[in-house]
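Report on the structure
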Amino acid sequence: MFDPFFTTKFAGRGLGLSAVLGIMRLHGGAIRVTSVPGDTTMEVLWPVMADVPAIKTGSRAIEQPPPRVTPKPGTHGKVLVIDDEMYVRELAASALQELGYEVMLAGDGATALALFQKHRSEVRFAVLDMMMPGMTGDRVLDALRILRPDLPAVVISGFTDGRIINTGSGTRTEFLQKPFHPEELIAVVERLMKIQK
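Note that the coordinates shown come from a computational prediction; the quantities given were computed from them, not determined experimentally.

Right, let's talk about the overall build of the protein for a bit. When its secondary structure is counted, the protein shows five helices and nine strands. In sequence order, the protein lays out its α and β elements as α-β-β-β-β-β-α-β-α-β-α-β-β-α. For the protein, with 197 residues in total, the buried portion stands at 37%. Within the protein, counting contacts between residues at least 6 apart in sequence, those at least 24 apart form 57% of the total. Only carbon and sulfur atoms are counted for the fraction: they give 56% of the accessible area of the protein, which is about 11,400 Å².

Here is the structure:
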């Protein structure tokens, strides 16, 4: 039920619980599910605040782990997320905001290029879908790199359609297969931005 894009509903996208789980993990929390036929209970478990003293259980105290420090949104600059699926854009935006980025969203290549031209010097990197109507991801990336050749990018796709994108060391480009968990996107972005430093 927590897998991205898994759904039993005809019109559902299957990102709700995946996004919630990703957010909880980013905050050091968890979700507990208890289910018996006819009744399912879900508990959202938030971490204990740092200024709360250790919890005493019997004769010993349980030390609480230090809280995860979440950067203020926009601390690390702007990032452009381009995907024609609203749910994927929102999932990516949520994960990137947790890393301290200000996220600009575009549902197609033309909108992405207009946003990028307006904020070219501020955009740290782009996350873009390979398969989109109109301009495909590889064409969007080529256009972005004409405007700024050093732009790092994370290319995401749920298909292997024969397009070849050079990724890995020295390309300023990483690939992430759909469906993905927010933690996977975070790991790819952290690796990409570490390489760029």
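Once you've had a look at it, read on.
What follows deals with the pattern of salt bridges. Applying the stated criterion across every chain yields a total of eight salt bridges. The residue K178 makes a salt bridge to D83 at a minimum N-O spacing of 3.0 Å. Pair noted here: K178 is in the loop between β9 (173-177) and α5 (182-196) and D83 is in the loop between β5 (78-82) and α2 (86-98), with a separation of 95 residues, a long-range link. Comparing K178 with D83, the two get one shared label, buried. Residue E85 is joined to K178 by a salt bridge in which the shortest nitrogen-to-oxygen separation is 3.6 Å. With E85 in the loop between β5 and α2 and K178 in the loop between β9 and α5, this pair connects stretches of sequence that are 93 residues apart. Given the relative accessible area of 10%, K178 is considered buried. A network of salt bridges, in which partner residues are shared, links D83, E85, D129 and K178.

Following the sequence through the fold, A106 ends up in strand β6 (residues 102-106). Residue A106 is classed as buried on the basis of its relative accessible area, which comes to 1%. Separated by 25 residues in sequence, A106 and V81 have C-alpha atoms that sit 6.2 Å apart. Apart from the residues within four sequence positions on either side, A106 is in contact with L80, V81, I82, D83, R89, T111, A112 and L115.

Residue placement: T136 occurs in the loop between β7 (123-129) and α4 (137-147). On the accessibility criterion, T136 (12% relative accessible area) is buried. A polar contact is formed between the side chain of T136 and the side chain of D138, at a distance of 2.5 Å.

Inspection of the secondary structure puts L113 in helix α3 (residues 109-119). Those residues in contact with L113 that lie beyond four places of it in its chain are M135, V140, A143 and L144.

What follows is about the sheet that holds β5. The strand order across the open sheet formed by five strands is β6-β5-β7-β8-β9, and the pairing between neighbours is parallel. Of all strands in the sheet, those with a lone pairing partner are β6 and β9, marking the two edges. When strand polarity is set aside, the average angle formed by the axes of neighbouring strands in this sheet is 20°. Where β5 and β6 come together, five bridges link them in parallel fashion. Note that in β6 the partner of V79 across the bridge is V103. Sheet strands touched by α2: β5, β6, β7 and β8 (153-157). Its angle to β6, the strand with the most contacts, is close to 170°. Against the sheet, α4 contacts β5, β7, β8 and β9, and its axis sits at roughly 160° relative to β7.

Cut-off values and rules
One numbering rule holds for all chains: residues counted from 1, following each sequence as written. For a predicted model such as this one, the threshold for reporting local features is a pLDDT of at least 70, and the threshold for listing and counting side-chain atom pairs is 80 or more; totals across whole chains, interfaces and linings nevertheless cover every residue. The basis for every side-chain value is the complete set of heavy atoms in the structure, and neither hydrogens nor water enter the calculation. What counts as a helix is a DSSP run of H or I of at least four residues, what counts as a strand is a run of E of at least two, and both are numbered from the N terminus. Here's how the labels work: a residue is buried when its accessible area is under 20% of the maximum for its type, exposed when over 50%, partly exposed in between, all with a 1.4 Å probe on protein chains only. By the convention used here, residues are in contact when the closest approach between their heavy atoms is within 4.5 Å. Per-residue accessibility takes into account occlusion by the displayed protein chains alone, with areas from the Shrake-Rupley method and a 1.4 Å probe. We count a salt bridge whenever a side-chain nitrogen from Lys or Arg sits within 4 Å of a carboxyl oxygen from Asp or Glu. Under this definition, polar contacts are N or O atom pairs within 3.5 Å; protein pairs additionally need one hydrogen-donor-capable and one acceptor-capable atom, and for neighbouring residues in sequence, both atoms have to be side-chain atoms. Two strands are said to pair when DSSP picks up at least two bridges between them. For helices, the fitted axis covers only the stretch in contact; all axes are lines through C-alpha atoms, and the angles between them, taken along N-to-C directions, range from 0 to 180 degrees.

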